[in-house]
Amino acid sequence: MAAEVMPSRKRPALQHPHHNANGQVSSGQPRHHGDEADMDAFSIPKLLQSPTSGHKPDQYDDMENLEYPPSLYSGMELYLPGHLLSAPREKKVSFLDRILAKYRPNGERARKHREYRERIRFNYKPLHEELYSLNPDHVFVPGFLNAVKDGSEEALRKIIMEHSPGVYTFNMLEPTFCAKMLDEVQHFENWALEAKVKVMRPNTMNNYGAVLDDIGMEGMLHELMMGFINPLAGVLFENVGGSTLDAHHGFVVEYSMDRDLDLGFHVDDSEVTLNVCLGKEFDGGELFFRGVRCDKHVNGESRPEEVLEYSHVPGRAILHAGRHRHGAKAITAGQRTNLILWCRSSQFREMKKYQRDFSSWCGECLLRRKERRRKLSNAKRQLAA
Ligand SMILES: O=C(O)CCC(=O)C(=O)O
Ligand SMILES: [Fe+2]
């Protein structure tokens with residue numbers, strides 16, 4: 001599957017999952033955090049059925065780069081969910097753009113994306129050219145590099161820590177590489193602002209951040225996935241296509257006190273996700289995990305052993321299945337930027353179409369299978385008695 005980027009760049013008003021006393025998700029459903037093409041009901045923002053009477057909508061005539069006529073935004077504003085009525089106009093525009101994007105033909109979306117990439121390719125001058133090709137000695141810390149070079153399961157397992165089933169972390173990126181990536185992203189954003197280029201956001205849930213593939217890092221990230229994630233994923237995520245990763249979507253997410261603070265509960269459009277903190281300094285922003293689930297069971301309860309909270313450390317990577325339900329808590333100070341690589345396997349996706357039982361990776365399918373087996377053996381025992 002190609003690493004397509006959605007043109008719509010805003011997220012819906014997110015709800016945090018509510019946790020009951022033992023830390024289980026008692027309500028709040030994970031949203032599918034994915035490309036526009038893969039979006040489903042969980043990630044589509046919704047308008048109210050009737051207009052809010054007495055609300056005086058903003059005027060949008062003076063805003064630049066609007067995708068639709070200003071009067072359309074004023075008219076639709078009356079139908080915005082209550083919490084957005086007094087939001088800044090940019091927030092309202094992005095919410096409405098996400099709704100309207102569904103009505104653009106796919107071809108137009110692809111054309112816009114192509115034009116966006118070409119504009120960057122011809123006009124954007126990178127700050128750190130060296131980031132655009134993979135130089136392992138400059139990118140990775142020696143421990144990680146040596147383990148991958150060794151390639152044995154034993155060497156790979158030595159550098160990783162498993163925090164709860166299926167959530168692994170390891171030191172991965174050199175501090176100088178992290179710093180350069182942060183500079184490059186800032187440099188790109190400054191250029192976009194000056195050149196009046198609207199930055200296409202990484203996915204349906206982020207208001208900030210950028211797609212690294214769009215700015216010219218697609219080849220570098222592909223090499224990173226094939227050479228350095230595949231070996232690990234083959235060992236740790238064989239059950240979700242970890243040994244056949246062949247496509248990616250690479251981006252950065254950005255949080256700060258005047259931007260996005262958190263990221264709602266969701267699953268990724270990936271088989272395996274690599275998430276590495278680049279810095280800078282921040283408080284809060286912990287990732288929370290609630291177990292791996294298939295489509296059918298994505299909204300089910302989690303078990304206590306599946307509940308995990310993890311604090312990001314700059315340079316340290318997390319590797320988890322895309323279907324591992326998760327979200328990021330609000331940062332309480334500073335600024336956090338993470339590099340995310342959604343790794344996909346075309347083969348796994350094709351095979352999944354023919355399957356109905358996912359007990360090799362879905363916690364709920366597994367539980368039900370065990371239950372069926374238990375009943376069957378009980379019945380057999382009774383028959384034999
Ligand atoms: O903020 C984070 O570290 C998590 C980001 C994430 O889950 C995603 O982009 O899919
Ligand atoms: Fe995610």
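Quantities reported herein were computed from a predicted structural model and do not represent experimental measurements. (Residues numbered from 1 in each chain as written. Chains lettered and ligands numbered in written order. Predicted model: local features only at pLDDT ≥ 70, side-chain atom pairs only at ≥ 80, totals over all residues. Heavy atoms only, no water.)

The helix and strand inventory of the protein stands at 10 helices and 15 strands. Looking at the protein as a whole, 52% of its 385 residues qualify as buried. Excluding contacts between residues fewer than 6 apart, the proportion of contacts in the protein whose partners are at least 24 apart in sequence is 80%. Of the accessible surface of the protein, which amounts to about 18,000 Å², a share of 53% is contributed by carbon and sulfur atoms. (Helix = DSSP H or I, 4+ residues; strand = E, 2+ residues; numbered from the N terminus. Buried < 20%, exposed > 50% of the residue type's maximum accessible area, 1.4 Å probe, protein only. Contact = heavy atoms within 4.5 Å. Areas by Shrake-Rupley, 256 points an atom, 1.4 Å probe, with all protein chains shown as cover.)

With respect to the helices and strands, R323 occurs in the loop between strand 13 (316–321) and strand 14 (324–328). From its side chain, R323 meets the backbone oxygen of R293 in a polar contact 3.0 Å long. (Polar contact = N/O pair within 3.5 Å; in protein donor to acceptor, adjacent residues only side chain to side chain.)

Turning our attention to the nonpolar core. In terms of nonpolar packing, the biggest core is built from 64 residues, with F140, M172, I229 and L274 touching the most fellow members. Listing elements by their share of this core, those giving two or more residues are helix 3 (106–123), helix 5 (142–150), strand 5 (167–171), helix 7 (175–194), helix 8 (213–236), strand 9 (272–279), strand 13 and strand 15 (331–344). In this structure M172 touches V139, F140, V141, F144, L224, I229, L274, V276, G315, R316 and A317, once residues within four positions along its chain are discounted. (Core = buried A, V, L, I, M, F, W, Y, C linked by side-chain atoms within 4.5 Å.)

What surrounds ligand 1 is a group of 16 residues, the closest being Y255, D268, N275, H312 and R336. A distance of 2.5 Å separates an oxygen atom of ligand 1 from a polar side-chain atom of Y255. A distance of 2.9 Å is found between an oxygen atom of ligand 1 and a side-chain nitrogen or oxygen belonging to N275. Contact with the protein chains hides 100% of the accessible area of ligand 1, taken as 300 Å² for the molecule alone. Counting only elements with at least two residues in the shell around ligand 1, the list comes to strand 7 (247–256), strand 8 (263–268), strand 14 and strand 15. It is strand 15 that provides the largest number of residues to the shell around ligand 1, a total of 4 residues. Of the residues assigned to the shell around ligand 1, the class counts are 8 nonpolar, 6 polar and 2 charged. (Near = heavy atom within 4 Å. Nonpolar A, V, L, I, M, F, W, Y, C, P; charged D, E, K, R; others polar.)

To continue, consider the packing of aromatic side chains. The description of two aromatic rings rests on the distance between their centres and on the angle between their planes. Counted under the stated rule, the structure contains 14 aromatic pairs. Measuring from centroid to centroid gives 6.4 Å for Y68 and Y73, while their planes differ by 65 degrees, and the two rings are edge-to-face. Like Y68, the residue Y73 is buried in the burial classification. (Phe/Tyr/Trp six-rings, centres within 6.5 Å; stacked < 30°, edge-to-face > 60°.)

The next subject is the pairing of strand 5. Counting buried positions over the 5 residues of strand 5 gives 4, a clear majority of the element. In terms of strand pairing, strand 4 (residues 161–164) meets strand 5 through 3 bridges, oriented antiparallel. Across the sheet, the residue bridging to S164 is V167, located in strand 5. (Pairing = 2+ DSSP bridges.)

So, on to helix 5. Those residues of helix 5 that fall on the buried side of the exposure criterion are F144, L145, A147 and V148. Looking straight down helix 5, one finds that the buried residues subtend no more than 165 degrees of arc, so they occupy a single side. Where the residues of helix 5 are buried, they touch helix 4 (136–139), helix 6 (153–159), strand 5 and helix 8. One or two residues past the end of helix 5 sits G151, with phi positive at roughly 80 degrees. (Arc of directions from axis to C-beta.)

Only one face of strand 12 (residues 307–310) is buried: it carries L308 and Y310, and the other face, with V307 and E309, is open. Direction of pairing for strand 11 (residues 287–292) relative to strand 12: antiparallel, over a ladder of 4 bridges. Paired with F288 across the bridge in strand 12 is E309.

A separate point is the packing of helix 3 against helix 8. Contact geometry for helix 3 and helix 8: axes closest at 10 Å, N-to-C directions at 85 degrees. Classed by the angle they form, the pair helix 3 and helix 8 counts as roughly perpendicular. Between helix 3 and helix 8, the residues in contact are H113, Y116, R117 and I120 and D213, D214, I215 and E218, respectively. Among the residues forming the contact of helix 3 with helix 8, the class breakdown is 3 nonpolar, 1 polar and 4 charged. (Axes fitted to C-alpha atoms, helices over the stretch in contact; angles between N-to-C directions. Parallel < 35°, antiparallel > 145°, perpendicular 65-115°, else oblique.)

The next thing to look at is the confidence of the model for the protein. In this model, the protein carries a mean pLDDT of 88, and residues with pLDDT of at least 70 account for 89%. Predicted confidence for residues 1–27 stays below pLDDT 50, and this span has 111 contacts to residues more than four positions away or in other chains. (pLDDT = per-residue confidence, 0-100.)

Moving on: the pattern of salt bridges. For side chains of opposite charge, pairing can occur when their charged atoms come near one another. Following the criterion strictly, the structure yields 26 salt bridges and no others. Where K112 meets E67, a salt bridge forms, and the shortest distance between an N and an O atom there is 3.0 Å. Here K112 is found in helix 3, whereas its partner E67 is found in the loop between strand 3 (31–33) and helix 1 (70–77), with 45 residues between them in sequence. A residue is classified by how much of its surface remains accessible, and E67, at 25% relative accessible area, is partly exposed. A salt bridge links R303 to E306; the nearest nitrogen and oxygen atoms lie 3.5 Å apart. Residue R303 is classed as partly exposed on the basis of its relative accessible area, which comes to 22%. E306 gets classed as buried once you look at its relative accessible area, which sits at 11%. Within the structure, one salt-bridge network assembled from shared partners comprises D269, E271, R344 and R349. (Salt bridge = Lys/Arg side-chain N within 4 Å of Asp/Glu carboxyl O.)

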